[in-house]
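The chain contents come next:
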Amino acid sequence: LFAIFAFATCGGYSGGLRLSVDCANKSESDLNIDIAFAYPFRLYQVNFDAPTCEGKRREKLSLIGDFSSSAEFFVTIAVFAFLYSLAATVVYIFFQNKYRENNRGPLIDFIVTVVFSFLWLVGSSAWAKGLSDVKIATDPDEVLLLMSACKQQSNKCLPVRSPVMSSLNTSVVFGFLNFILWAGNIWFVFKETGWHSSGQRHPPDTMEKQSSSYNQGGYNQDSYGPAGGYNQPGSYSQVGEYGQSQSYGQSGPTSFANQI
């Protein structure tokens, strides 16, 4: 939306000014000299006729300056930023799995966001300077100086209407707002790349691996306890041939009863 407002307020501009030249001979005067100009502000191509106050002869003049480069550069950035934002929105919604696959999508998104942030700053600054020059070149007082009739004190030259530049001022404001928006979004896209979280996940993962290795390779003290196969070390019980129980220790049989 910010990109749309930026290129619409600049690329769709058309304005004009009106001058009046009141000659000493009233029949030679022209009180409504309209001069119209528009984007891309190639003012040297804007021609208009003005009276010379020397009979019926008129002179053909043109405005001064060519400010199309900064204006077109600004509008181009805005259009491409709008198209990329639209495409990114579709990817975010419908192709989220493809976007996160191999971390390639966030990486590309991060690089493009940095590039657009830089372009918005450069383009807005250039267009702000270009707009300042456009205002000077279309100032009615400056345009009157181009007329030969206005150099004679007997003639009266006055500005009737000045061009309205409010939409162009708005375009510059939206240009810098877009820069702030894209530059602030760098942080959020950076977090999507995984570079931010990877530095915080290594210490916990290392501790988990160490604890798991101790659990797998350690010994349990209850594995060989009293529940083992021998009740006491060095002794065991044996059942005799006729069912009598005999107990033997380390030094031989301790008792022998009921022998037949």
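Every residue gets a number counted from 1 within its own chain, in the order that chain's sequence is written. In view of the model being predicted, local features appear only for residues whose pLDDT reaches at least 70, and side-chain atom pairs are presented and counted only at 80 or more, with totals across whole chains, interfaces and linings using the full set of residues. Heavy atoms throughout the structure, all of them, feed into the side-chain values; hydrogens and water do not.

**Things to note about the side chain of E28**
Inspection of the secondary structure assignment puts E28 in the loop between β1 (14-22) and β2 (30-38). No salt bridge is formed by the buried E28; the nearest opposite charge belongs to K56, separated by 6.7 Å. Separated by 2.9 Å, the side chain of E28 and the backbone nitrogen of G55 make a polar contact. Any two residues having at least one pair of non-hydrogen atoms within 4.5 Å are treated as being in contact. Leave out the neighbours within four places in its chain, and E28 touches C23, P51, C53, E54 and G55. Strands here mean DSSP runs of E at least two residues long; helices mean DSSP runs of H or I at least four residues long; both are numbered from the N terminus. Each residue's exposure class comes from its accessible area (1.4 Å probe, protein chains only) as a fraction of the maximum for that residue type: buried when under 20%, exposed when over 50%, partly exposed otherwise. A positive count includes Lys and Arg, and a negative count includes Asp and Glu. His and the chain ends are not counted in either. Salt bridge criterion: a side-chain nitrogen from Lys or Arg within 4 Å of a carboxyl oxygen from Asp or Glu. Counting of polar contacts relies on pairs of N or O atoms within 3.5 Å, with two restrictions inside protein: one atom must be capable of donating a hydrogen and the other of accepting it, and residues adjacent in sequence are counted only when both atoms are side-chain atoms.

**Re the sheet that holds β1**
Here a strand pair is declared whenever DSSP counts at least two bridges between the two strands. If you trace the 3 strands from one edge of the open sheet to the other, you get β2-β1-β5, paired in antiparallel fashion. Each having just a single partner strand, β2 and β5 (156-161) make up the two edges of the open sheet. Shown here is a sheet whose adjacent strand axes are inclined to one another by a mean of 25°, direction ignored. Where β1 and β5 come together, 5 bridges link them in antiparallel fashion. Note that in β5 the partner of L19 across the bridge is P159. Axis definition: a line fit to C-alpha positions, over the contact stretch in the case of helices; interaxial angles, taken between N-to-C directions, run 0 to 180 degrees.

**Section: the pattern of salt bridges**
Evaluation of the coordinates by the stated rule reveals 6 salt bridges. Between K26 and D22 there is a salt bridge, with the nearest N and O atoms lying 3.0 Å from each other.

**Digging into the confidence of the model for the protein**
Per-residue confidence for the protein gives a mean pLDDT of 79, with 74% of residues at or over 70. Across residues 201-260 the pLDDT falls below 50, and counting only partners more than four positions away or on other chains, this stretch makes 18 contacts in the model. Known as pLDDT, the predictor's per-residue confidence is scaled from 0 to 100.

**Notes on the UniProt feature "transmembrane region" (unreviewed entry) in the protein**
UniProt positions are given in the numbering used here, feature names are shortened, and annotations may be inferred rather than shown by experiment. Summarizing the sequence annotation, UniProt attributes the feature "transmembrane region" (unreviewed entry) to residues 73-95, 107-128 and 172-190 in the numbering used throughout. What you have in residues 73-95 is 96% helix and 0% strand, and the ends, taken at the C-alpha atoms, are 31 Å apart. Secondary structure content for residues 107-128 is 100% helix and 0% strand, and the end C-alpha separation is 32 Å.

**Quick look at the state of the cysteines**
The term disulfide is used for any two cysteine sulfur atoms that are within 2.5 Å. Per the stated rule, a full pass over the model turns up 2 disulfides. Through a disulfide, C23 is tied to C53; the S-S separation comes to 1.8 Å. Taking the sign of the torsion about the S-S bond as the criterion, the disulfide between C23 and C53, at about -70°, is left-handed. Of this pair, C23 sits in the loop between β1 and β2 while C53 is found in the loop between β3 (47-51) and β4 (58-62), placing the two residues 30 residues apart along the sequence. In this structure C23 comes out as buried when scored by relative accessible area, which is 1%. Its relative accessible area of 13% is what places C53 among the buried residues. The disulfide partner of C150 is C157, and the S-S distance across this bridge is 2.1 Å. Here the S-S torsion is close to -105°, and the disulfide linking C150 with C157 is therefore left-handed. Since its relative accessible area comes to 22%, C150 is described here as partly exposed. Residue C157 is classed as buried on the basis of its relative accessible area of 17%. The connectivity of the disulfide bonds within the protein can be written as 1-2, 3-4, using the sequence rank of each bonded cysteine.

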